[in-house]
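Structural features, examined
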Amino acid sequence: MACRTCNMIRGLLMAEGVSPVAIEAAMPLVAKAESVVKRKASAYSRRYGRAFKKVASKYKTKSGSWMKNGFSRAQKEAHRIAKRG
C-alpha cells in the first residue's frame, strides 16, 4: 500500500508519459526521501526540559492552569538553572 504522496507522484509521472518501469524504479527513492529523520536533542535542551518540569509546579494553580505570567516566569527560571548546569 502506497502513501498519498507516492500515489500523487505516480499519477503525475503517468500524466507526463513516463514509462511504468521507470515509475516503479523511482518509487522506493520517493518513499525514502519522504521519511523524516528526528534530530537528537542537545544537552542544554535536555537540562532545560528537566529544570522546567521541576519549576513548573511553582507557577501552576491547584487546578493545573498557569498563573498570570506563570509560564514565562517558569521558562526564565528553568533557563537560569539549565545555563548553570
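Everything here concerns the structure above.
Residues numbered from 1 in each chain as written. Predicted model: local features only at pLDDT ≥ 70, side-chain atom pairs only at ≥ 80, totals over all residues. Heavy atoms only, no water.

**Focus: a positive patch on the surface**
- On the surface, Arg-73, Lys-76, Arg-80, Lys-83 and Arg-84 cluster together to form a positively charged patch.
- In this fold, Lys-76 is placed in helix α4 (residues 70-84).
- What makes Lys-76 exposed here is its relative accessible area of 54%. (Patch = residues over 30% accessible without salt bridge, like charges linked within 9 Å, V, L, I, M, F, W, Y side chains within 5 Å. Areas by Shrake-Rupley, 256 points an atom, 1.4 Å probe, with all protein chains shown as cover. Salt bridge = Lys/Arg side-chain N within 4 Å of Asp/Glu carboxyl O. Lys, Arg positive; Asp, Glu negative; His and termini not counted. Charge placed at Lys NZ, Arg CZ, Asp CG, Glu CD. Helix = DSSP H or I, 4+ residues; strand = E, 2+ residues; numbered from the N terminus. Buried < 20%, exposed > 50% of the residue type's maximum accessible area, 1.4 Å probe, protein only.)

**Some thoughts on the packing of aromatic side chains**
- Under the defined criterion, the tally for this structure stands at five aromatic pairs.
- Residues Trp-66 and Phe-71 carry aromatic rings whose centres are separated by 5.0 Å and whose planes lie at 85° to one another, so their mutual orientation is edge-to-face.
- Taking the relative accessible area as the measure of exposure, Phe-71 reaches 39% and is therefore partly exposed.
- Three or more aromatic residues joined by ring pairs form one cluster here, namely Tyr-44, Tyr-48, Phe-52, Trp-66 and Phe-71. (Phe/Tyr/Trp six-rings, centres within 6.5 Å; stacked < 30°, edge-to-face > 60°.)

**With respect to helix α3 (residues 43-56)**
- Spanning 14 residues, α3 covers 20 Å between terminal C-alpha atoms, matching the ideal 20 Å at 1.5 Å per step.
- Every buried residue of α3 is accounted for by Ala-51, Phe-52, Val-55 and Ala-56. Taken end-on, α3 shows its buried residues confined to a sector of 125°, consistent with a single buried face. The outward face of α3, more than 90 degrees from its buried face, is lined by the exposed residues Arg-50, Lys-53 and Lys-54. (Expected span 1.5 Å × (residues − 1). Arc of directions from axis to C-beta.)

**Remarks on the environment of Ser-57**
- Looking at the element boundaries, Ser-57 is found in the loop between α3 and α4.
- Between the C-alpha atoms of Ser-57 and Ala-74, which are 17 residues apart in sequence, the distance is 8.8 Å.

**Things to note about the environment of Ala-31**
- Mapped onto the fold, Ala-31 is located in helix α2 (residues 20-34).
- Accessibility expressed as a relative area gives 39% for Ala-31, which makes it partly exposed.
- Along the primary structure Ala-31 and Ser-63 are separated by 32 residues, whereas in three dimensions their C-alpha atoms are 45 Å apart.

Taken by themselves, the reported measurements are silent on function.
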